[in-house]
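Remarks on the overall topology
Below are the chains, spelled out letter by letter.
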Amino acid sequence: MMGGAAMAAPVKVGIAAEPYPPFASPDASGKWVGWEVDMIGAVCKAAEMECEIVPVAWDGIIPALTAGQIDAIMASMSITEERMKTIDFSNKYYNTPTVIVGPKADAMTADAEGLKGKILGVQVSTIHEAYAQKHFKDAVAEIKVYQTQDEANQDLVAGRIDATQADSIALDDFLKSEAGAACCEVKGAVADDPDVLGLGVGVGLRKGDEELKAKFNAGIAKVLEDGTYEEISKPYFSSSIYGG
């Protein structure tokens, strides 16, 4: 639990139960660590909220929110029109490009022509799966869907898929690993499609929860203004991920 004691009960903030470094993953002791975990603590403190982190399976995290099992989602969830049919969002707290990663020996590009005949791996129920289905389905041999991005990365290293699509920062962490550095590289950023890729990452909230939305917006604004955002980000990233 983190933050002040302004609320009678802690705000339950859902994160994805599947590891997603450097944003959130369990350390050797089982404690959740990462940039997004640090940001939850900072935003909640700035908004004078007591918050409790609750890991939830990614493909069930929106149902958990709407059912009241959690009160908010801070799990690298992009703000999209499709999701806004079901839930609301705070203002964004980061926005990074979507990229294609593949073997160094393959001269593919991050578009339908470059991926023609390839097997593309994506994580289930993500903007990347939706983007691949919209833009690459007719070009690739197969869109292979995984429960976690880590599983897709492992299959890429093993040669069971030809490429993967995900957030640039998440894949940067993979490319810094021994296996990732040896095999693979970024082939480029995909063409922007705001309808699918969204308008950045925000806090997911239940429809109509305007009070909590205002608190998260205030917390995000404060950490951006007082330098906390930059301080938290320095150990993880070489430059700001807040985006345009």
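Parameters and conventions
Residues numbered from 1 in each chain as written. Predicted model: local features only at pLDDT ≥ 70, side-chain atom pairs only at ≥ 80, totals over all residues. Heavy atoms only, no water. Phe/Tyr/Trp six-rings, centres within 6.5 Å; stacked < 30°, edge-to-face > 60°. Helix = DSSP H or I, 4+ residues; strand = E, 2+ residues; numbered from the N terminus. Buried < 20%, exposed > 50% of the residue type's maximum accessible area, 1.4 Å probe, protein only. Pairing = 2+ DSSP bridges. Contact = heavy atoms within 4.5 Å. Axes fitted to C-alpha atoms, helices over the stretch in contact; angles between N-to-C directions. Disulfide = S-S within 2.5 Å. 1 Å grid on protein atoms, 1.4 Å probe; cavity = no way out; pocket = protein on both sides within 12 Å on 5 of 7 lines; lining within 4 Å. Points joined across faces, edges and corners; volume = space filled by probe spheres on them. Nonpolar A, V, L, I, M, F, W, Y, C, P; charged D, E, K, R; others polar. Polar contact = N/O pair within 3.5 Å; in protein donor to acceptor, adjacent residues only side chain to side chain. Parallel < 35°, antiparallel > 145°, perpendicular 65-115°, else oblique. Patch = residues over 30% accessible without salt bridge, like charges linked within 9 Å, V, L, I, M, F, W, Y side chains within 5 Å. Areas by Shrake-Rupley, 256 points an atom, 1.4 Å probe, with all protein chains shown as cover. Salt bridge = Lys/Arg side-chain N within 4 Å of Asp/Glu carboxyl O. Lys, Arg positive; Asp, Glu negative; His and termini not counted. Charge placed at Lys NZ, Arg CZ, Asp CG, Glu CD.

Quick look at the packing of aromatic side chains now. One pass over the full model with this rule turns up 12 aromatic pairs. Judged by centre distance (6.0 Å) and plane angle (85°), the ring pair of F23 and W35 falls under edge-to-face. With F23 in the loop between strand 1 (11-16) and strand 2 (25-26) and W35 in helix 1 (residues 35-46), the pair connects residues that are 12 residues apart, well separated along the chain. Like F23, the residue W35 is buried in the burial classification. With centroids separated by 5.7 Å and ring planes inclined at 80°, the aromatic side chains of W35 and Y229 adopt a geometry described as edge-to-face. With W35 in helix 1 and Y229 in helix 9 (residues 228-233), this pair connects stretches of sequence that are 194 residues apart.

Before going further, it helps to examine unusual backbone geometry. Residues P21 and P22 are joined by a peptide bond in cis, for which omega reads 5°. Checked against the element boundaries, P22 lands in the loop between strand 1 and strand 2. Its identity as a non-glycine residue notwithstanding, S76 has a phi of 55°, on the positive side. Structurally, the position occupied by S76 is in the loop between strand 5 (72-73) and strand 6 (88-94).

With that settled, consider the sheet that holds strand 12 (residues 201-205). One open sheet accounts for 5 strands, arranged 4-1-5-12-6; its pairing is mixed. Here the strands that pair on one side only, and so sit at the sheet edges, are strand 4 (51-56) and strand 6. Summarising the sheet, strand 1 and strand 5 pair through 2 bridges and their orientation is parallel. What sits directly across from G14, in strand 5, is I73. Sheet strands in contact with helix 8 (residues 210-225) are strand 1, strand 5, strand 6 and strand 12, and its direction is about 10° off that of strand 6.

Turning our eyes to something else, we now look at the state of the cysteines. Here the structure, examined in full by the defined rule, presents 2 disulfides. With its sulfur 2.1 Å from that of its partner, C44 forms a disulfide with C51. Around the S-S axis, the bridge from C44 to C51 shows a dihedral of about -90° and counts as left-handed. With respect to class, C44 is no different from C51; both count as buried.

Rolled over the atoms, a probe sized like a water molecule indicates the empty space that remains. If you add up the space inside the largest pocket, you get close to 530 Å³. Residue lining of the largest pocket: 38 residues in total, with S76, S78, I127, H128 and D167 positioned closest to the centre. Counting only elements with at least two residues in the lining of the largest pocket, the list comes to strand 1, helix 3 (127-135), strand 10 (163-167) and helix 7 (194-197). When grouped by side-chain class, the residues that make up the lining of the largest pocket number 21 nonpolar, 12 polar and 5 charged.

Within the secondary structure, Q123 sits in strand 8 (residues 119-123). Within the structure, Q123 has its side chain in polar contact with the backbone oxygen of Q147 (distance 3.2 Å). Contact partners of Q123, with chain neighbours within four places excluded, come to Y20, W58, E129, V145, Y146, Q147, T148 and Q149.

Read from one edge of the open sheet, 5 strands run 9-8-10-7-11, paired in mixed fashion. Looking at strand neighbours, the two that pair on one side only are strand 9 (142-146) and strand 11 (184-189), the edges of this open sheet. Within this sheet the neighbouring strands show an average axis-to-axis angle of 30°, counted without direction. Pairing geometry for strand 7 (residues 98-103) and strand 11, over 5 bridges, is antiparallel. Across the sheet, residue G102 finds its bridge partner in strand 11, namely E185.

Orientation of helix 1 relative to helix 8, taken along the N-to-C sense of each, is 105°, at an axis distance of 7 Å. Judged by the inter-axis angle, helix 1 sits roughly perpendicular to helix 8. Between helix 1 and helix 8, the residues in contact are M39, A42, V43, C44 and A46 and F216, G219, I220, K222 and V223, respectively. In terms of residue class, the contact of helix 1 with helix 8 is built from 8 nonpolar, 1 polar and 1 charged.

A cluster of acidic side chains, namely E225, D226, E230 and E231, defines a negative patch on the protein surface. As for its placement among the helices and strands, E230 is situated in helix 9.

As far as function goes, none of this settles anything; it's purely spatial.
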